[in-house]
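Chain residues, written in single-letter form:
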Amino acid sequence: MVLVAVVTGCGLTPAAAPSSPTPTTGPSRQEAGPTSKPPVEAALLKAPSNPCRVLTPSTRARLGVRQGVKDRLDPACKWRNDPGDAPPFKFRDLSITYDAGFKEFADSVKDAKKSFATKRKSDYRQPSVFGGAPAVKGVIQQVGTAKAGQHFDEGYYVYFVYEIGEAQRGEGKAVLRKGNLLITISFSGADVPGRRMRDGKPIGNATAQDAIDIVAGQAIAAVR
């Protein structure tokens, strides 16, 4: 994953210095006249009907996760690994969510841009109610083989550690906007050496980014 740093953190690359602006002349009277046509709204994109089918068996095998499961009331598809019956335990969870608004009232590109900005502001501040500010955050320039401006319009990433019942987990979350649709990819987990969950070590930022890189291309390509 290639990121433009918002704060210093593992896996982030600094933004390139902006180039000096080139002076330009204003539009001619003819260009600015009433005959100019308004921009055409892009066709609305649709999320895959079953997000649990966006990953190939070989991709799931690379991550060591089972067939995806989707709850009737939850838009996300979730995949989990088999941690085994004896320690040490390795817990890994992946989820992919598509959001294009309600079926009868699909979001416009303008709506999606506003929603994206709101989510980014919230996640940059505190991505989980069970933890504090993210340890890593940045603008995504490339995730896996997908590039910003070519395969998706804009994206951001956060990595954070949260705690539930004295057990800690590390999680990386990438939120991408493609037209009127938002894609959220989350990967979390912990390594537990014994039978006490509170002794677990959260997965690191690099592990989370690597997993998201593996699935992002297929998740984006499923949008039509």
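Counting of residues starts from 1 at the beginning of each chain's written sequence and follows it residue by residue. Whole-chain, interface and lining totals are the exception, using all residues; otherwise, since this is a predicted model, local features are given only for residues with pLDDT of at least 70 and side-chain atom pairs are given and counted only at 80 or more. Hydrogens and waters are ignored; side-chain quantities use all the structure's heavy atoms.

So, helix H3 (residues 205-221)
For the record, the criterion: Secondary structure elements are defined from DSSP: runs of H or I of at least 4 residues count as helices, runs of E of at least 2 residues count as strands, and each element is numbered from the N terminus. An expected span of 1.5 Å times one less than the residue number is assigned to each helix. The angle between axes fitted to the seven residues ending at a residue and the seven residues starting there is what we call the bend at that residue. Using a 1.4 Å probe on the protein chains alone, a residue whose accessible area is under 20% of its type maximum counts as buried, one over 50% counts as exposed, and one in between counts as partly exposed.
For H3, with 17 residues, the first-to-last C-alpha span of 25 Å sits near the 24 Å given by 1.5 Å per residue. A maximum bend of about 40° is found in H3 at valine 215. Buried within H3 we find Asn205, Ala208, Gln209, Ala211, Ile212, Asp213, Val215, Ala216, Ala219 and Ile220.

Quick look at the state of the cysteines
Here is the rule we go by: In what follows, a disulfide is any cysteine sulfur pair within 2.5 Å.
According to the stated counting rule, one finds one disulfide in the structure shown. Two residues, cysteine 52 and cysteine 77, share a disulfide whose sulfurs are 2.1 Å apart. Between cysteine 52 and cysteine 77, the S-S torsion sits near 115°, and that sign places the bridge as right-handed. Taken together, the residues cysteine 52 in the loop between strand S1 (2-5) and helix H1 (57-63) and cysteine 77 in strand S2 (residues 77-80) connect sequence positions 25 residues apart. Cysteine 52 gets classed as buried once you look at its relative accessible area, which sits at 6%.

Things to note about the environment of alanine 135
Along the chain, the position of alanine 135 falls in the loop between helix H2 (109-125) and strand S4 (136-143). Looking at alanine 135, the relative accessible area reads 49%, which means it is partly exposed. In this structure, the C-alpha to C-alpha distance between alanine 135 and valine 158, residues 23 residues apart in sequence, is 7.6 Å.

Details of a nonpolar patch on the surface
We apply this condition: Like charges are joined within 9 Å and nonpolar side chains (Val, Leu, Ile, Met, Phe, Trp, Tyr) within 5 Å, but only among residues with over 30% relative accessible area and no salt bridge; these make up the patches. For accessible areas, the Shrake-Rupley method is used with a probe of radius 1.4 Å. Any residue's cover is judged against the shown protein chains and nothing else. Salt bridges, as used here, are contacts in which a Lys or Arg side-chain nitrogen is within 4 Å of a carboxyl oxygen on Asp or Glu.
A cluster of nonpolar side chains, Val129, Phe130 and Ile164, forms an exposed patch at the surface whose accessible area comes to about 330 Å². Counting through the fold element by element, isoleucine 164 comes out in strand S6 (residues 154-164). Overall, isoleucine 164 belongs to the partly exposed group, its relative accessible area being 44%.

Considerations on the side chain of aspartate 213
Threshold: Here Asp and Glu are counted as negative and Lys and Arg as positive; His is not counted, and neither are the chain ends. In what follows, a contact means two residues having at least one pair of non-hydrogen atoms within 4.5 Å.
Along the chain, aspartate 213 falls in helix H3. As a buried residue without a salt bridge, aspartate 213 has its nearest oppositely charged side chain in arginine 62, at a separation of 8.9 Å. Setting aside residues up to four positions removed in sequence, aspartate 213 forms contacts with Met1, Val143 and Gly144.

Comments concerning the nonpolar core
Note the cut-off: Only buried Ala, Val, Leu, Ile, Met, Phe, Trp, Tyr and Cys residues count toward a nonpolar core, and they belong to the same one when joined by side-chain atoms within 4.5 Å.
One finds Ile96, Tyr98, Ile140, Val143, Tyr157, Ile183 and Ile185 to be the most contacted residues of the largest nonpolar core, which totals 36 residues. If you list the elements that add at least two residues to this core, you get S2, strand S3 (89-99), S4, S6, strand S7 (167-178), strand S8 (181-192) and H3. Considering every element that reaches this core, the biggest residue donor is H3, with seven residues. Setting aside anything within four residues of it in sequence, one finds tyrosine 98 in contact with Ala47, Pro48, Pro51, Val54, Leu181, Leu182, Ile183, Ala219, Ala222 and Val223. Membership of the second largest hydrophobic core comes to eight residues, among which are Phe116, Tyr124, Val158 and Leu182.

A word on the side chain of arginine 60
Along the chain, arginine 60 turns up in helix H1. For the buried residue arginine 60, which engages in no salt bridge, the nearest side chain bearing the opposite charge is aspartate 82, 12 Å off. What arginine 60 contacts, discounting residues up to four positions off in sequence, is Leu55, Val65, Arg66, Gln67 and Trp79.

Section: the environment of glutamine 168
Tracing the backbone shows glutamine 168 in strand S7. Under the relative-accessibility criterion, glutamine 168 is labelled partly exposed at 33%. Along the primary structure glutamine 168 and proline 202 are separated by 34 residues, whereas in three dimensions their C-alpha atoms are 5.8 Å apart. What glutamine 168 contacts, discounting residues up to four positions off in sequence, is Val161, Tyr162, Glu163, Ala190 and Pro202.

Regarding the packing of aromatic side chains
Under the convention used in this document: Each pair of aromatic rings taken from Phe, Tyr and Trp, with Trp reduced to its six-membered ring, is defined by centres within 6.5 Å and is described as stacked if the planes are under 30 degrees apart, edge-to-face if over 60, and tilted in the remaining cases.
Enumeration over the complete set of coordinates arrives at four aromatic pairs. Between phenylalanine 89 and phenylalanine 91, the ring centres sit 6.1 Å apart and the planes meet at 35°, which makes this aromatic pair tilted. The residues phenylalanine 89 and phenylalanine 91 share a single accessibility class, namely buried. Arranged with centres 6.0 Å apart and planes meeting at 40°, the rings of phenylalanine 160 and tyrosine 162 form a pair that is tilted. By the burial criterion, phenylalanine 160 is buried, and tyrosine 162 matches it. Taken together, the ring pairs connect Phe116, Tyr124 and Tyr156 into an aromatic cluster.

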